[in-house]
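Coordinate analysis (summary)
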Amino acid sequence: MTNALAEYRYNRLTWPEMNEAIGAQKLVILPTGSTEQHGPHLPLDVDLFLCESICLEVGRRIPEQVLILPPISYGLNRHHIDFPGTIHIEPDIFINFCVNITKSVAYHGFQRILIVNGHGSNAPLVDLVARRTVLETESLCFATTYFWFLLEAFERVRESTVMAHADEFETSLYLHLAPERVQMDRAVADQDRVGKYVSSDSTMNYGVRFNDYWGRWTRTGVHGDPTVATAEKGRVIFEAAVEGLVGLVAELRGWPIEKRADLHVHPVQSSIRW
Ligand SMILES: [Zn+2]
C-alpha cells in the first residue's frame, strides 16, 4: 500500500500524496470536541480526547478508506463558563470556521466529508455545517456523533439512568483510554433540575430543547453518575462506537451524488448569490 492509502491522518500526507488520496476518494472525517469542564474528576479535554481517539481508531482499522483531519478543539460552551477553564466559541464563528474547513476539503476534490461530533452542544451547529457544505459545494457532507453508535452497547452495561455529561459513559471511555488522568476518588454523581416536560440540560431526553447556565443548577459540573464507571464498560462502548463508524464510512463512500434535476419551465434567476 502506498503512503497515501496507508496513512489515515490528513495532515501527515504530502501534497503529491494528497492527489493520490483524492484519486482514491477517501472519506474525510472532521472530529469536533470542546475544551470544557467535566466535573472534579476529569480533565477539560474529555469531548476532544474521546472523539479524536475514536476517529483515529477508525483510521487505524480502515486507513485506505479515510483521512482524519486535525480536530476542532473548541465549541459552544458559554453555559459552562461559570466553571474555571471552559472556552466558549460563538455559534456563528464555529459554523463559519468549520464550513471554511469543509469547503477547503471539497475544493481539493474530496466528494464526501463526515463530521463526527463529541460535544453535545455542537450538535445543532455541525448539522448546519453539513447542510451548508452540501448546499454551497459539489460535495456531500454528513454530521453525526459517536454517542449514537454506542447507545445499544451502553444499554447492556450501564448501571446509571442518566446519560449526559462527565457521567458513567464518558468516564468509562476515559478510564479505558487513559486511566491515569481520571481522578476516580473525586468522582461524584449529580442530577439536573427536572420537570415533566423540560430539564436544565434537556438536549437529548426531552421534546423541549433547553440548556440553562450550568452555574444555576450544579456545583459539581457533573450530570449523571460517574462513580459506577469502569474501564471494561469503556472498552465495550469504545468498540461499539468504532465498529459503528466503520460501517457508516462504508455506507457514505458508496452514497451516490446524483445530477440535480431542474423542474422549472420558466427561466430562473441563476445570478442570485445566496
Ligand atoms: Zn462531554
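Below is a summary of the structure that appears in this document. Note that the structure is a prediction, hence the values are computed from the model and not measured.

What counts, and where the lines are drawn
Residues numbered from 1 in each chain as written. Predicted model: local features only at pLDDT ≥ 70, side-chain atom pairs only at ≥ 80, totals over all residues. Heavy atoms only, no water. Pairing = 2+ DSSP bridges. Helix = DSSP H or I, 4+ residues; strand = E, 2+ residues; numbered from the N terminus. Axes fitted to C-alpha atoms, helices over the stretch in contact; angles between N-to-C directions. Contact = heavy atoms within 4.5 Å. Salt bridge = Lys/Arg side-chain N within 4 Å of Asp/Glu carboxyl O. Phe/Tyr/Trp six-rings, centres within 6.5 Å; stacked < 30°, edge-to-face > 60°. Buried < 20%, exposed > 50% of the residue type's maximum accessible area, 1.4 Å probe, protein only. Lys NZ or Arg CZ within 6 Å of the ring centre and 35° of its normal. Donors = N, O, S within 2.8 Å, 3.2 Å for Na, K, Ca; no water. Tetrahedral: all angles 85-135°; square planar, octahedral: opposite > 155°, others 65-115°.

1. Brief notes about the sheet that holds strand β3 (residues 112-117)
Spatially, β2-β1-β3-β4 is the arrangement adopted by the four strands of the open sheet, whose pairing is parallel. Looking at which strands have only one partner, the edges of the open sheet turn out to be β2 (66-68) and β4 (140-145). Taken over all neighbouring pairs, the strand axes of this sheet differ in orientation by 25° on average, direction set aside. In the sheet, strand β1 (residues 27-32) pairs with β3 via five bridges, with the strands oriented parallel. Its bridge partner being in β3, Val28 is matched across the sheet by Ile113. Packing of helix α5 (residues 123-136) onto the sheet brings it into contact with β1, β3 and β4, and relative to β4 it is tilted by some 165°.

2. Some points on the environment of Ala189
Note on placement: Ala189 falls in the loop between α7 (168-177) and β5 (201-202). Taking the C-alpha atoms as reference points, Ala189 and Val129, 60 residues apart in sequence, are found 34 Å from one another. Every residue in contact with Ala189, bar those within four places of it in the chain, is listed here: Gly224, Asp225, Pro226 and Thr227.

3. So, the pattern of salt bridges
Taken as a whole and judged by the stated rule, the model has 14 salt bridges. Across the salt bridge formed by Arg60 and Glu57, the nearest N and O atoms sit 2.7 Å from each other. With Arg60 and Glu57 both in helix α3 (residues 46-61), this residue pair falls three residues apart, about one helical turn. One salt-bridge network, held together by shared partners, links Glu57, Arg60, Arg61, Glu239 and Glu243.

4. Some thoughts on the packing of aromatic side chains
Under the counting rule described, the total for this entry stands at seven aromatic pairs. Between Tyr146 and Phe147, the ring centres sit 4.8 Å apart and the planes meet at 70°, which makes this aromatic pair edge-to-face. A single burial state applies to Tyr146 and to Phe147, both of which are buried. Summarising the aromatic geometry, the rings of Phe147 and Phe169 are spaced 5.4 Å apart at their centres and angled 80° between planes, so their arrangement reads as edge-to-face. One end of the pair, Phe147, is in helix α6 (residues 147-157); the other, Phe169, is in helix α7, with 22 residues separating them in the sequence. In terms of burial, Phe147 and Phe169 fall into one category: buried. The ring of Tyr8 has Arg9 lying over it, and the distance from NZ or CZ to the ring centre is 5.3 Å. For the cation-ring pair, Arg181 lies above Phe49, with the distance from its terminal atom to the ring centre recorded as 4.5 Å.

5. Observations concerning the coordination of the zinc ion
Each donor-metal-donor angle in an ideal tetrahedron of four donors is 109.5 degrees, and each such angle in an ideal octahedron of six donors is either 90 or 180 degrees. Protein-derived coordination of the zinc ion comes from His38 (NE2), Asp47 (OD), Glu170 (OE) and Glu170 (OE), at a distance range of 1.9 to 2.8 Å. Geometry at the zinc ion is irregular, judged from its four donor atoms and the angles of 51 to 133° they form at the metal. Each donor residue of the zinc ion belongs to the same chain, with the gaps between them written as H-x8-D-x122-E. On the accessibility criterion, His38 (0% relative accessible area) is buried. The class for Asp47 is buried, based on a relative accessible area of 2%.

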